[in-house]
Structure formats: structure tokens, C-alpha cells
Amino acid sequence: MRRDVFQAISDPTRRAIITLIALNAMTPNALAEHFHTSRQAVSKHIKILVECEVVKEEKIGREIYYKLEADKMKAIDQWLEQFRKIWETKFNQLDEILLTIKNKQQ
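Conventions used here
- Residues numbered from 1 in each chain as written.
- Predicted model: local features only at pLDDT ≥ 70, side-chain atom pairs only at ≥ 80, totals over all residues.
- Heavy atoms only, no water.
- Patch = residues over 30% accessible without salt bridge, like charges linked within 9 Å, V, L, I, M, F, W, Y side chains within 5 Å.
- Areas by Shrake-Rupley, 256 points an atom, 1.4 Å probe, with all protein chains shown as cover.
- Salt bridge = Lys/Arg side-chain N within 4 Å of Asp/Glu carboxyl O.
- Helix = DSSP H or I, 4+ residues; strand = E, 2+ residues; numbered from the N terminus.
- Buried < 20%, exposed > 50% of the residue type's maximum accessible area, 1.4 Å probe, protein only.
- Axes fitted to C-alpha atoms, helices over the stretch in contact; angles between N-to-C directions.
- Parallel < 35°, antiparallel > 145°, perpendicular 65-115°, else oblique.
- Contact = heavy atoms within 4.5 Å.
- Nonpolar A, V, L, I, M, F, W, Y, C, P; charged D, E, K, R; others polar.
- Expected span 1.5 Å × (residues − 1).
- Phe/Tyr/Trp six-rings, centres within 6.5 Å; stacked < 30°, edge-to-face > 60°.
- Pairing = 2+ DSSP bridges.

(A) Seen up close, a nonpolar patch on the surface. Together, Ile86, Trp87, Phe91, Leu94, Ile97, Leu98 and Ile101 make up a nonpolar patch on the protein surface, roughly 710 Å² of accessible area in all. The topology assignment puts Ile97 in helix H5 (residues 74-105). When its relative accessible area of 48% is taken as the criterion, Ile97 is described as partly exposed.

Here you go:
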């Protein structure tokens, strides 16, 4: 089964992992310390993130570090862009209505 970035962010634990490694690469043990689940459960989430190509493994000595592949997150931004335009249009319309109401009250 082919996984994509949207599967990566579909789970709150995976979103939290992405947030944690956004600035600094971390080992599985370091990541697991931030959750109230087993290291194995965190490792399963990391595996999915790697399969989705959102996270990349980097071996340094005996440790494996996981770091964010930020370019993969662009697909999310591109998908959200269509909604951003809709929201901006709606907010501009609301601004016009509020301005009209304010002008009528004066």
C-alpha cells in the first residue's frame, strides 16, 4: 500500500512527532519520552512517517535519528491553498458587511 503525507498527519501522535522533529532530529527513545505510550507504539508511528516520506532516518554512530522532510509538507500547503482563498473571500465579504453596518449606524 502506498502511503502519502495526508496519512502521515491523520493521527495526532504522528502530528506531535512531526512537531517535535521539525527543528531538531531525534532518536526513537527521545521521541518516546514525550508520549504516554510504549516505545514500540511510537516506533510504529515513526515507521508510517518514514513510509509516507515525511520523516527520514539518519544513522549517526550507533544511533538512528529521525528528521523532518519539510518538502513533503508542501503537498498539504498546496491542498490547503484552495481553502485559504475561499476563507479570504468570505472574510473580505464579512468586512464589507460590517463596514456597511457601521456606516449606517453613524
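(B) Expanded view of the packing of helix H2 (residues 12-21) against helix H4 (residues 39-51). At a minimum axis separation of 10 Å, H2 and H4 run at an interaxial angle of 75°. Taken together, the axis directions place H2 and H4 in an arrangement best described as roughly perpendicular. In contact with Thr13, Arg14, Ile17 and Ile18 of H2, H4 contributes Val42, His45, Ile46, Ile48 and Leu49. Of the residues in the contact of H2 with H4, the class split is six nonpolar, two polar and one charged.

(C) Just H4, in detail. Between the first and last C-alpha of H4 there are 18 Å, a value that for 13 residues agrees with the 18 Å anticipated at 1.5 Å per step. Here the buried face of H4 lies against helix H1 (5-8), H2, helix H3 (28-32), strand S1 (55-60) and strand S2 (63-68). Where H4 terminates, the next one or two residues include Glu53, which has phi positive at roughly 65°.

(D) The environment of Phe91, seen in detail. Along the chain, the position of Phe91 falls in helix H5. The class of Phe91 is exposed, set by a relative accessible area of 54%.

(E) Fine view of the packing of aromatic side chains. Scanning all chains against the criterion turns up three aromatic pairs. With a centroid separation of 5.0 Å and 65° between ring planes, the pair formed by Trp79 and Phe83 is classed as edge-to-face. With a gap of four residues between them, Trp79 and Phe83 both fall in helix H5, about one helical turn apart. Judged by relative accessible area, which is 29%, Phe83 ranks as partly exposed. By the ring-pair criterion, three or more aromatic residues cluster together here, those being Phe6, Trp79, Phe83 and Trp87.

(F) Region of the structure containing the pairing of S1. Pairing between S1 and S2: six bridges, direction antiparallel. Pairing of Glu58 across the sheet is with Tyr65, part of S2. Once S1 ends, the chain turns through two residues before running back antiparallel as S2, passing Gly61 with a positive phi of about 65°.

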